[in-house]
Every structure is written in structure tokens, then in C-alpha cells.
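# What the coordinates show
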Amino acid sequence: MSNPTVPDPGEDYVPLTGLLPHAALWLKLESRNPAGSIKMKTATAMIEAAERAGLLRPGAELIESTSGNLGVAMAAICAARGYHLTLVTDPNSNYRSVQQMRALGAEVVVIERRDDNGGYLGSRISYISLRLATEPGLIWLNQYANPANVAAHRDGTAAEICERFGVPDRLFVGVGTSGTLMGCLEHFRDHDPRPAVVAVDVLGSVTFGGAPARRLIPGMGASRIPEIFGPGAYRRVLVSERDTIVACRRIAARYGLLVGGSTGTVVAAAMAHGHRVPRGSRVLAISPDLGNAYLDTIYDDGWVAAHFGEELLRDIARPARGPVHGELRPVP
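Residues numbered from 1 in each chain as written. Predicted model: local features only at pLDDT ≥ 70, side-chain atom pairs only at ≥ 80, totals over all residues. Heavy atoms only, no water.

Turning to the pairing of strand E5 (residues 107-110), a few remarks are in order. Two strands pair when backbone bridges link them, and strand E4 (residues 84-89) and E5 are joined in this way by four bridges, in the parallel orientation. Among the inter-strand pairings, Val88 is bridged to a residue of E5, identified as Val109. For the crossover from E4 across helix H3 (residues 95-103) to E5, the handedness is right-handed. (Pairing = 2+ DSSP bridges. Helix = DSSP H or I, 4+ residues; strand = E, 2+ residues; numbered from the N terminus. Right-handed = clockwise from strand over helix to strand, strands pointing away.)

Along the chain, the position of Pro218 falls in the loop between strand E8 (196-202) and strand E9 (234-239). Assessed through its relative accessible area of 11%, Pro218 is described here as buried. As for Pro218 and Ala53, which are separated by 165 residues in sequence, their C-alpha atoms are 31 Å apart. (Buried < 20%, exposed > 50% of the residue type's maximum accessible area, 1.4 Å probe, protein only.)

Remark: helix H7 (residues 241-255) packs on helix H10 (residues 310-317), axes separated minimally by 10 Å, with the N-to-C direction vectors making an angle of 40 degrees. Pair H7 / H10 crosses with right-handed handedness. Touching Arg242, Ile245, Val246, Arg249 and Arg250 of H7 are Leu312, Leu313, Asp315 and Ile316, all from H10. By residue class, the composition of the contact of H7 with H10 is five nonpolar, no polar and four charged. (Axes fitted to C-alpha atoms, helices over the stretch in contact; angles between N-to-C directions. Left-handed = near helix turned anticlockwise from the far one by under 90°. Contact = heavy atoms within 4.5 Å. Nonpolar A, V, L, I, M, F, W, Y, C, P; charged D, E, K, R; others polar.)

Shown next, in the form of C-alpha cells:
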């Protein structure tokens with residue numbers, strides 16, 4: 001069992017008291033980063049690595065694929081450093097995130113053609129490849145394959161956890177590009193192998209080798225496997241988007257905390273996994289962002305009913321007796 005030191009809940013770590021039956025669950029809030037999400041670490045690391053390598057000069061033109069948070073973070077940095085930025089996104093991206101990207105001076109291209117797996121990521125990357133072939137000066141930092149994405153969380157996120165929270169007994173990490181997961185795994189492998197790491201993805205994502213399916217909530221999952229994703233000492237769990245919505249709504253109602261979709265997904269996984277956690281464990285879930293960008297989707301009754309049915313709204317309204325996790329599946 002890890003050191004029982006309790007962090008200051010007024011800082012970046014917030015307890016969700018009583019959510020697990022016999023263990024303490026905490027959220028590591030990454031919304032305090034500039035630009036409002038964990039992706040500020042990724043964007044900073046990638047851009048600074050490119051600068052050190054001499055790839056970026058004043059006035060450089062960059063292009064990147066994003067579902068929201070990375071685009072906002074890159075737009076903020078590029079505005080401050082004088083780089084021109086094109087962000088390639090899709091209709092699932094939150095409208096408010098797209099507004100932020102444009103307000104920060106980025107050109108935003110919305111790709112509406114689905115790829116062969118029913119998502120948009122393949123189509124977004126195909127568009128970028130075409131632009132690179134016809135615009136020799138254009139630079140793609142490629143968050144899906146860039147080792148700086150992993151390094152940002154190996155040297156940043158995981159190191160912060162050990163320094164300020166202590167080594168958790170369980171760590172729940174959402175998988176999008178998998179940079180946070182791979183970075184945390186590298187850090188703990190090299191410094192302290194005690195945490196049991198749980199990698200959380202959504203049904204319909206292909207990252208864990210599952211069948212592709214249509215997804216509506218941005219931030220997690222992929223329709224192609226990111227190049228930086230690999231094997232490691234972690235357990236894999238899939239969560240349905242229905243459970244993501246239920247977890248987000250119940251966290252808001254019970255704790256007064258408006259969390260984003262990725263946070264709802266990892267909390268839903270923690271709740272379903274709770275019976276496996278030894279009594280007295282300290283469990284930590286990484287919360288990539290807050291829920292402001294999801295007010296038109298996850299927190300909008302009309303949107304939820306239109307896409308998931310009125311029954312889900314009734315499930316949300318019922319007293320919480322644990323998560324609605326009929327579709328949550330552990331992955332071998």
C-alpha cells in the first residue's frame with residue numbers, strides 16, 4: 001500500500017468522497033493549465049522540441065489534427081510565438097472549442113467525411129497529408145506519433161503526481177492519443193512500479209483492437225491506432241458513451257463539479273472497477289479538462305435525448321446507486 005499522505009484538496013487534487021465503496025477516489029484536475037486542459041503540456045512539449053531541433057523559425061506555418069483541447073492549446077502558443085497555425089477537426093468537436101481556436105487566430109478546417117472505420121481521424125490525417133504534399137514549408141508536429149507527447153507526461157504529469165499526491169494505488173488514465181498513458185507508464189516503470197494503471201477507452205474506439213463504431217463525444221478514442229500507443233503493464237477497460245454522460249451528470253449534481261467527457265469516462269471506469277480495489281486504497285483519476293465546452297452536448301437534455309434516448313435522461317435522474325455500466329467491458 002502506498003504512502004497515506006493526503007494532498008490539499010484546495011489545489012489540483014479534488015476528492016470524490018463516497019463514490020467508491022471502500023477506497024478514496026481523487027481527481028487530478030488538469031483544467032488549471034493555461035488554455036484549460038492537459039493538452040497544454042503536450043502542445044508546449046511538441047513545439048519546444050521542434051524549436052530545439054531548429055524546425056520552427058519565426059513565421060513558421062504549422063498544421064495539426066485535433067478534436068478540441070490540443071487545438072486550443074496550440075493556438076494559444078502559436079499566437080504568442082508568431083507561428084501560423086491551421087487546425088484540422090471534425091463535426092464532433094465542441095463548438096465552443098472551435099470558437100476558441102478561431103479567436104486565438106488559428107485557421108480551422110472542419111472535415112466532414114468519415115473514414116473507413118466510421119470516424120474522422122483517418123480523413124483528417126489524409127487532408128493533412130495532401131496539404132503537406134502540396135505545401136513544402138508546412139510543418140506537422142503530429143501528436144499521434146510525436147515522442148514529445150509521451151515525454152510531456154513522463155516528465156510532467158506523472159512526476160507531479162509523485163511529488164504532490166504521492167504514489168497512488170490505482171491510477172485511471174484516459175486514452176486518446178495515448179500520450180498521457182504512455183508517459184505515466186514510462187515514469188512509473190523507471191521510478192516506482194507500485195501503481196496499478198488502468199487505461200480507459202470508449203466503445204467504438206479501435207485503439208485496444210475493438211470493432212470501430214460511431215462516436216459522438218470528442219476527447220477520447222480513435223478510429224486508427226496512434227503510433228505512440230504500445231504494450232505495457234496496464235489493465236484495459238472500455239466504457240460506453242452512455243456511461244460517460246451519466247458519470248458527468250452525477251458528478252455535477254453530487255459534487256458541484258462540471259467535468260469534461262474524458263473525465264466522466266475515467267470516473268465511470270473507476271466506479272465499475274471499484275470492487276476490485278483493495279480496501280483503503282488511494283485511487284487517482286486524471287481529469288483532462290472541465291465541462292464548459294460540453295454544455296451544448298453532455299449537459300444539454302435535448303442533445304442527450306436526441307442521440308441516446310429519453311431513457312438515459314431518466315437513468316440520470318434516478319438516485320445514484322453506482323454507475324450505469326451495462327456496456328462497460330474489461331479488455332483482455
